[in-house]
Amino acid sequence: MGNALTTKVTKINPSQIEDEDLEEAISIIKNHGIVGFPTETVYGLGASIYSNDAIKKIYDAKGRPQDNPLIVHISSLEMLEKLVVEISPNVLSLCSAFWPGPLTILFEKSPMISDIITAGLSTVAIRMPQNPIALRLIELIGHPLAAPSANISGKPSPTTAQHVLEDFQGKIPLILDGGPCQVGVESTVIDVNSNPPVILRPGGVNYERLVTFLPELQIYEKMKTDSELEAHPSTPGLKYRHYSPQAQVILLSLSSLAPLEMRIKVEKAFEEIFHNNTNIAYVHTRREFEVPDLIQNSLGDRLINLTINQNTSIQNLQQLQSHIAQKLFLTLRSLDEQKVEIIVIEGVTEQYEGLAIMNRLKKAAYLIK
Ligand code: TXA
Ligand code: MG
């Protein structure tokens, strides 16, 4: 028989939340269980910060390394005060500017935060999500939720309730389905106690917005080489391969290539994978570019062309990057579903959400060309 659960999925309209729709989730969480819930970035797997049992369940269910700490989610600034040693005026103004929203800030943790949440670190990562279902859930529970993204460790993060179900069917009792996530990539993780302040993980709040508040702001990955990073990972999440679909991802870094150079690059990339008898997807991001006929013809049915940017009303780069971010993980997961073995994806410029998109793609990639 085993002890598999039936995973229930409850649909909730984020613009018309009935508190009774949240009752079951609240009761599970208060009884040391874990629940999938929507945030504006990606779906989270939530546990009470007061239940070490539930937090252990999160690590188990995800297969998450024990040294990768969780983000604590709050619904009000009053909640913040109890979790941290101090809130400086600068940090408070950052919170007011970006919360609720996709910004996670590191604080010196108060002793009441369990070491399993922070993986033994002296800092705790905190954010106030913008999704009304997440906010109301936390508010009704009356205390914060520790929640990582609701995916099996290493897979692309979930941006729909269906993705959460794919990864956790039979392993968690309940998923709240609030529809597809608006942002589509995880929150930006920032350390403002270090000098200069640093973005540890680019995400939903872009560098361009943050730097107007923090003129000295640095971006972690750009400061160090990969080998240095691996030796001294100050954000443990950076150590592990992440966001990978089953298919092998080949990332084409295309910044500033002229159309002809781009064509040559794509032809070369395909030459190397050609001999394999595999199904390949070519994912277009922004460029007016068609896979050359030669490749198209010889692959025939084995090549799927997919365009992430299908919205023709997009006016500028910033809107375009947000749109691609929103669809990114969904695209990777849908190609797995179609049994694609190789995904060739066009890189984007590292501006606005493009920084987060390229960060995730580089980590997912098997090859970068
Ligand atoms: O948008 C998000 O942030 C989503 C939603 C569910 O809120 N959550 C999320 O959680 O992405 P997770 O666990 O997948 O990623 C948390 C990241 C990891 O890279 C982790 O290493 C980092 O935050 N982190 C957490 N606490 C930290 C700390 N004290 N110091 C440095 N990095 C920390
Ligand atoms: Mg994650």
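Preceding this section is the structure that the text describes.
Notes on the structure follow. (Residues numbered from 1 in each chain as written. Chains lettered and ligands numbered in written order. Predicted model: local features only at pLDDT ≥ 70, side-chain atom pairs only at ≥ 80, totals over all residues. Heavy atoms only, no water.)

1. Digging into the overall build of the chain
Using the following cut-off: Each helix is a run of DSSP H or I of at least 4 residues and each strand a run of E of at least 2, with the numbering of both proceeding from the N terminus. Two things to know: the radius of gyration comes from C-alpha atoms, and the globule rule equals 2.2 Å times the number of residues to the power 0.38. Three exposure classes are used, based on accessible area relative to the maximum for each residue type with a 1.4 Å probe and protein chains only: buried under 20%, partly exposed in between, and exposed over 50%. Throughout, a residue-residue contact means that at least one pair of heavy atoms, one from each residue, lies within 4.5 Å. Working definition of accessibility: Shrake-Rupley area with a 1.4 Å probe, residue cover restricted to the visible protein chains. None of His or the chain ends enter the tally, which takes Lys and Arg as positive and Asp and Glu as negative. Every charge is mapped onto a representative atom, which is NZ of Lys, CZ of Arg, CG of Asp or CD of Glu.
The helix and strand tally for the chain stands at 14 helices and 16 strands. Against the compact-globule benchmark of 21 Å for 369 residues, the chain has a radius of gyration of 21 Å, which places it among compact chains. Taken over 369 residues, the chain has a buried fraction of 53%. A separation of at least 24 residues holds for 69% of the contacts in the chain among residues at least 6 apart in sequence. When the accessible surface of the chain is totalled, it reaches about 16700 Å², and 48% of it is carbon and sulfur. Distance between charge centroids for the chain: 3 Å, based on 32 positive and 41 negative side chains.

2. A word on empty space enclosed by the protein
As a reminder of what qualifies: Definitions used throughout: a 1 Å grid over protein atoms alone; a cavity as a set of points that fits a 1.4 Å probe which cannot get out; a pocket as an open set with protein on both sides within 12 Å along at least five of seven lines; a lining residue as one with an atom within 4 Å of a point. Grid points are joined across faces, edges and corners, and a volume is the space filled by probe spheres set on the points. In the scheme used here, Gly and all other residues not listed as nonpolar or charged are polar, with Ala, Val, Leu, Ile, Met, Phe, Trp, Tyr, Cys and Pro taken as nonpolar and Asp, Glu, Lys and Arg as charged.
Across all of its chains, the model carries 1 cavity of 30 Å³ or more by this definition. Within this model, the largest cavity holds a volume of roughly 40 Å³. Along its surface, the largest cavity is lined by Thr188, Ile199, Pro202, Gly203, Val205, Asn206, Tyr207, Tyr352, Glu353, Leu355 and Ala356. Each residue belonging to the lining of the largest cavity can be placed in one class, and the counts come to 7 nonpolar, 3 polar and 1 charged.

3. As for the pattern of salt bridges
The condition that has to hold: Salt bridges are defined by distance alone: a side-chain nitrogen of Lys or Arg within 4 Å of a carboxyl oxygen of Asp or Glu.
For the coordinates displayed, the defined rule picks out 13 salt bridges. With its nearest N and O atoms 2.8 Å apart, the salt bridge here joins Glu139 to Arg136. In this pair, Glu139 and Arg136 are both assigned in helix α6 (residues 132–141), 3 residues apart and thus about one turn of the helix distant. The residue Glu186 makes a salt bridge to Arg360 at a minimum N-O spacing of 2.8 Å. Here Glu186, found in the loop between β8 (174–177) and β9 (188–191), pairs with Arg360, found in helix α14 (residues 354–364); they are 174 residues apart in sequence, far enough to count as distant. You'll find Glu186 and Arg360 in the same group, each marked buried. Three or more residues are tied together by salt bridges with common partners; here these are Lys155, Glu166, Asp167 and Arg333.

4. Focus: the environment of Val42
The residue Val42 is located in the loop between β2 (35–37) and β3 (44–48) in this model. Setting aside chain neighbours within four positions, we find Val42 in contact with Ser149, Ser157, Pro158, Thr159, Cys181, Gly184, Val185, Glu186 and Phe329.

5. A word on the packing of helix α13 (residues 317–337) against α14
What counts, and what does not: All axes here are fitted lines through C-alpha atoms, helices being fitted over the stretch that makes contact, and every angle between N-to-C directions spans 0 to 180 degrees. Any angle that falls under 35 degrees is termed roughly parallel, while one over 145 is termed roughly antiparallel, one within 65 to 115 roughly perpendicular, and all others oblique. Crossings are assigned a handedness: left-handed for a near helix turned anticlockwise from the far helix by less than a right angle, right-handed for a clockwise turn.
Orientation of α13 relative to α14, taken along the N-to-C sense of each, is 30°, at an axis distance of 9 Å. As summarised for this structure, α13 and α14 are arranged roughly parallel, according to the angle between their axes. Our pair here, α13 against α14, has a crossing hand that is left-handed. Here Gln321, Ile324, Ala325, Leu328 and Phe329 of α13 come into contact with α14, specifically with Gly354, Ile357, Arg360 and Leu361. Tallied by class, the residues present in the contact of α13 with α14 amount to 6 nonpolar, 2 polar and 1 charged.

6. Quick look at the packing of aromatic side chains
Note the cut-off: Ring geometry is summarised as follows: Phe, Tyr and Trp rings, the Trp one being its six-membered ring, pair when their centres sit within 6.5 Å, and such pairs are stacked at plane angles under 30 degrees, edge-to-face over 60 and tilted between the two.
A full pass over the atoms with the stated rule returns 3 aromatic pairs. Taking 5.1 Å as the distance between ring centres and 65° as the angle between the ring planes, the aromatic pair formed by Phe98 and Phe213 counts as edge-to-face. Here Phe213 lies in the loop between α8 (207–210) and β11 (218–219) and Phe98 lies in helix α4 (residues 89–98), a separation of 115 residues in the sequence. Judged by its relative accessible area of 5%, Phe98 is buried. According to the relative accessible area criterion, Phe213 is partly exposed, its value standing at 41%.

7. Observations concerning the sheet that holds strand β13 (residues 280–284)
Note the cut-off: A pair of strands is treated as paired once DSSP finds two or more bridges between them.
What the 5 strands build is an open sheet, ordered β14-β13-β15-β12-β16; its pairing is parallel. The two strands at the open ends of the sheet, each matched to only one other strand, are β14 (303–307) and β16 (365–368). Taken pair by pair, the neighbouring strands of this sheet meet at an average axis angle of 20°, ignoring direction. Of the strand pairs in this sheet, β13 and strand β15 (residues 342–346) are connected by 4 bridges, and their pairing is parallel. Following the sheet pairing, Ile280 is matched in β15 by Ile342. Lying over the sheet, α14 contacts β12 (248–252), β15 and β16, oriented at roughly 105° with respect to β16.

8. Things to note about the sheet that holds β11
Taken in spatial order, the 11 strands make up an open sheet running β1-β8-β2-β3-β7-β4-β6-β5-β9-β10-β11, and their pairing is mixed. Looking at strand neighbours, the two that pair on one side only are β1 (8–11) and β11, the edges of this open sheet. Sheet topology note: the strand β5 (residues 103–108)/strand β6 (residues 123–127) ladder contains 4 bridges and is antiparallel. Across the sheet, the residue bridging to Glu108 is Thr123, located in β6. Seen against the sheet, helix α2 (residues 52–62) touches β3 and β7 (145–146) and runs at an angle of roughly 155° to β3.

9. A short note on the pairing of β12
In terms of burial, β12 is largely enclosed, as 4 of its 5 residues are buried. Direction of pairing for β12 relative to β15: parallel, over a ladder of 5 bridges. Counterpart to Val249 in the pairing with β15 is Ile343. Direction of pairing for β12 relative to β16: parallel, over a ladder of 3 bridges. What sits directly across from Val249, in β16, is Ala365.

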